[in-house]
Amino acid sequence: MELKLKRVNARHPAAHSAVSPALKAFDLSVATGEHIAVIGPSGAGKTTLLHVLACALRPSMGSVEIDGRDPWQLPRRELRRLRGQLFLAPQVPPLPPRQRVVTAVLAGRLPRISLAHSLRSLFYPTGIAQADAALARFDVADKLFARVDRLSGGERQRVGLARALVAQSRLLLVDEPLSALDPSRAAQAVQSLVEGARDSGATLLATLHDVPMALRNFPRIIGLREGALMFDLPAAEVSPARLEALYAQKLDELQGTGAFDEPPSAKPAPVVMQCR
Amino acid sequence: MSAVLPTPASRRDPAWWGRVFWILAGAVLLWPMLVLSEFKPWQLLAPDSLTPALKFVAGFFPPRLDADFLLMVARETWRTVAIATAGLALALVLAAPLALLSVRVLSLSGMAGRMAAGPAALRVGVRGLLVVLRSVPELIWALVFVRVVGLGVTAGVLAIALTYGGMLGKVYGEILESGDAHATISLMRNGAGRLQAFFYGLLPQNAAELTSYTVYRWECAIRSSAVLGFVGAGGLGQQMDASMKMFNGSEVSTMLLVFVALVAATDRMSAALRKALG
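Predicted model, so just to flag it, every value in this text is computed and none were measured.

Just give me the short version of the overall build of chain A, but keep the residues and values in it.
Across its full length, chain A carries ten helices and nine strands. For 276 residues, the compact-globule estimate of 2.2 N^0.38 gives 19 Å, and chain A sits close to it at 19 Å. Taken along the three principal axes of its C-alpha coordinates, chain A extends 55 × 50 × 45 Å. Burial statistics for chain A: of 276 residues in total, 47% are counted as buried.

So what's going on with the domain arrangement of chain A? Which residues, and what values?
Residue and element names in this part refer to chain A. Split into domains, chain A comes out as domain 1 (1–85 + 170–259) and domain 2 (92–168). Summarising the inter-unit geometry, the C-alpha centres of domain 1 and domain 2 are found 24 Å apart. Contacts between the two partners involve 13 residues from domain 1, matched on the other side by 13 residues from domain 2. Elements with a minimum of two residues in the side of domain 1 that touches domain 2: strand 6 (171–175) and helix 7 (183–200). Among the elements that line the side of domain 1 that touches domain 2, the one with the most residues is helix 7, at seven residues. A per-class count over the side of domain 1 that touches domain 2 returns seven nonpolar, five polar and one charged.

So what's going on with the interface of chain A and chain B? Residues and values would help.
With 29 residues of chain A in contact, the opposing surface of chain B contributes 29 residues. Going through the elements one at a time, helix 2 (76–84), strand 5 (86–89) and helix 4 (115–123) of chain A are the ones with two or more residues in the side of chain A that touches chain B. If you tally residues by element for the side of chain A that touches chain B, the top one is helix 4 of chain A, at four residues. Among the residues making up the side of chain A that touches chain B, the classes are represented as 19 nonpolar, five polar and five charged.

So what's going on with the nonpolar core? Which residues, and what values?
Ranked by internal contacts, the top residues of the largest apolar core, which has 130 residues, are V52, V105, A162, L172 and L173 of chain A together with A159 and I160 of chain B. The element best represented in this core is helix 6 (residues 153–178) of chain B, accounting for 14 residues. Split by domain, this core shows at least three residues from each of two domains, domain 1 (1–85 + 170–259) and domain 2 (92–168) of chain A. Sequence-distant contacts of L172 of chain A, that is, excluding residues within four places in its chain, are made with F87, A164, A197, A202 and L204 of chain A. Membership of the second largest hydrophobic core comes to seven residues, among which are A226, L236, V252 and V258 of chain B.

Lay out helix 6 (residues 153–166) of chain A in plain terms, naming residues and giving numbers.
Relative to the 20 Å expected for 14 residues at 1.5 Å per residue, helix 6 of chain A spans 20 Å between its end C-alpha atoms, a close match to the ideal helical length. Among the residues trailing helix 6 of chain A, Q168 of chain A stands out with phi positive, at a value near 50 degrees.

So what's going on with the packing of helix 6 of chain B against helix 8 (residues 194–229) of chain B? Which residues, and what values?
Relative orientation and spacing of two packed helices are given, respectively, by the angle between their axes and the distance between those axes. All names here are of chain B. One way to put it is that helix 6 packs onto helix 8 with a least axis distance of 10 Å and a crossing angle of 150 degrees. Between helix 6 and helix 8, the angle falls in the class roughly antiparallel. Helix 6 and helix 8 meet at a crossing whose hand is right-handed. Note on element contacts: helix 8 touches helix 6 through L202, N206, E209, L210, Y213, R217, A221, S224, S225 and L228, opposite G156, A159, I160, Y164, M167, L168, V171, Y172, I175 and L176. Of the residues contributing to the contact of helix 6 with helix 8, the split by class is 14 nonpolar, four polar and two charged.

How would you sum up the confidence of the model for chain B? Please name residues and give values.
Low-pLDDT stretches of the model should not have their predicted coordinates read in fine detail. Scored by pLDDT, chain B has a mean of 87; 95% of the residues are at 70 or more. Confidence metrics for the complex model read pTM 0.81 and ipTM 0.85.

Hey, could you go over unusual backbone geometry for me, with residue numbers and the actual values?
In this structure, P62 of chain B follows F61 of chain B across a cis peptide bond, with omega equal to -10 degrees. For P62 of chain B, the location among the structural elements is in the loop between helix 2 (47–58) and helix 3 (67–102). With phi around 50 degrees, E176 of chain A is a residue other than glycine that occupies positive phi space. Positionally, E176 of chain A belongs in the loop between strand 6 and helix 7.

Now, about the sheet that holds strand 9 (residues 228–234) of chain A: what can you tell me, with residues and values included?
Residue and element names in this part refer to chain A. Strand order in the open sheet formed by six strands is 5-6-7-3-8-9, with mixed pairing between adjacent strands. Each of the sheet's edge strands pairs with one partner strand only, and the pair in question is strand 5 and strand 9. Within the sheet, the average angular offset between the axes of one strand and its neighbour, ignoring direction, is 15 degrees. Note: strand 6 against strand 7 (residues 203–207), five bridges, orientation parallel. Paired with V174 across the strands is A206, a residue of strand 7.

Just give me the short version of the sheet that holds strand 1 (residues 3–10) of chain A, but keep the residues and values in it.
All names here are of chain A. Here we have three strands laid out as an open sheet, ordered 2-1-4, and antiparallel in their pairing. A strand with exactly one partner marks an edge of an open sheet, and here the two such strands are strand 2 (23–30) and strand 4 (61–66). Pairwise comparison of adjacent strand axes, ignoring direction, gives a mean angle of 15 degrees for this sheet. Pairing between strand 1 and strand 4: five bridges, direction antiparallel. In the sheet register, L5 faces strand 4, and the bridge partner there is V64. Helix-sheet contacts for helix 1 (residues 46–53) involve strand 1, strand 2 and strand 4, and the interaxial angle to strand 1 is about 125 degrees.

Any chance you could break down the pairing of strand 8 (residues 220–225) of chain A for me, citing the residues and the numbers?
All names here are of chain A. Bridge analysis of strand 3 (residues 35–39) against strand 8 gives four bridges, and the strand direction is parallel. The residue bridging V38 from the neighbouring strand is I222, located in strand 8. For strand 8 and strand 9, the ladder comprises six bridges, and the chain directions are antiparallel. Residue pairing in the sheet places I222 in a bridge with D232 of strand 9.

Which residues make up the environment of Y213 of chain B, and what values do they have?
Mapped onto the fold, Y213 of chain B is located in helix 8. Considering only alpha carbons, one finds Y213 of chain B and M33 of chain B, 180 residues apart in sequence, at a separation of 32 Å.

Summarise the confidence of the model for chain A; cite the residues concerned and give the values.
On average, residues of chain A score 87 in pLDDT, and 92% of them reach the 70 mark or higher. Under a pLDDT of 50 for its full length, residues 257–276 of chain A has, in the predicted model, 31 contacts with residues more than four places off or in other chains.

The rules we used
- Residues numbered from 1 in each chain as written.
- Chains lettered and ligands numbered in written order.
- Predicted model: local features only at pLDDT ≥ 70, side-chain atom pairs only at ≥ 80, totals over all residues.
- Helix = DSSP H or I, 4+ residues; strand = E, 2+ residues; numbered from the N terminus.
- Rg over C-alpha atoms; globule rule 2.2 N^0.38 Å.
- Buried ≥ 20, exposed ≤ 12 C-beta atoms within 10 Å, placed from the backbone.
- Domains from an automatic or database assignment.
- Contact = placed C-beta atoms within 7 Å.
- Nonpolar A, V, L, I, M, F, W, Y, C, P; charged D, E, K, R; others polar.
- Core = buried A, V, L, I, M, F, W, Y, C linked by C-beta atoms within 7 Å.
- Expected span 1.5 Å × (residues − 1).
- Axes fitted to C-alpha atoms, helices over the stretch in contact; angles between N-to-C directions.
- Parallel < 35°, antiparallel > 145°, perpendicular 65-115°, else oblique.
- Left-handed = near helix turned anticlockwise from the far one by under 90°.
- pLDDT = per-residue confidence, 0-100.
- Pairing = 2+ DSSP bridges.

Here it is as structure tokens:
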């Protein structure tokens, strides 16, 4: 998918209008099939950028073009079809705790199948092989029929990534896919993502806290700080000096010590009997 | 230490006066309501009202337990459970689509920015319909349906279906909105339809709460079908009404014991279901 942002301002819908926007006069153009890592200190606007590209957030100013069309001018049906062709994987994997892994992974293909088919798949999963293959890429195939709330934080994150592969979308937007993974799993996960995107010819944008990992696996690096583009360079040209400028005053994040945070556990709250 | 830190006498909890004010205000507001509802608990202990009351209660012992009567009670109990279950099933058919229509989480236009005017108006309309359905007491619905379909269980079933449809629809909507919507919204952001997002995100997220509430409502429906029996809608309530009119306390107490057993059974069932789904 071809993406073009022109002078885009965007802020989180819950943010106060006096707060400066998370993205400020942001320009970006991405060609079909590119693999891009977005780096920068926390609060730089990385997640907001992904939300704007995923048509999940309407920019307050500027224009977005996806394959030459402004998604916010499209009729509702067309916009939904467009959303079905892209996949946004949020940082905390959006998996209902009582759902089984196979169902959660196969939920990635919902835009491609009919309502009747998706109901039939709830009765008996119709894509077991597909889900199994996607899970195997992230080394969690043994959890195929386990319940999501029985998984560790890292396993949940990998199940969320397996869903992204099952979606077979033309644009993959992955937010911080490694936050709950140990270093060897993280390397494997990034490689599987990149391979998956390459196999289907999809455009891939991932935000990463792990800068060396980004430099190793992605040909193009975008540095973001306080909602503005600091640099947009091939990985080989990203010098330590640029990184230090990008992470100035936040060097602990560059070293990766601040990045290894477990997402909050999604343990289901006990069900209370309400007398309503 | 206390010598170092001065503690002046004026250092009092500033929230105290507010607390006293609201307690007094509550009492002042409650008083006219107690007067209006003729709340005079000491009347319960006056000898000329206590004696007939005790006589009435004394008539409950011992419960009637002969085989013929128990067989009849068993048959009517079964009928009562059937009324409650059929009524609740119909209420579910009514409530599920209305709840889905009223849930804001499942709005595609509300996902990025404000909800469009049409869908927002539809949601208000559906909520209004739910209010009407549940604000008419099931007793009134039963009186209406007794005239339409005649004396018998059908009137009870329809009355429960309408009132409980309104209650279930409202509370289902609230449960679905109060849970974590992240999974559902993520699915819709990626192009899934509203019903697909419901079945793959919203429903698994809230299944245990929905089940628990439905079983509780089933228990209420069993109780409610007893009341409906008093206006001729069949079941154990109708028998209880007949026994009551004959001043046959021992029969009434047997049937009350059956109700206690039914409610206890639904309680166990709900606990088991919650454990299975938890």
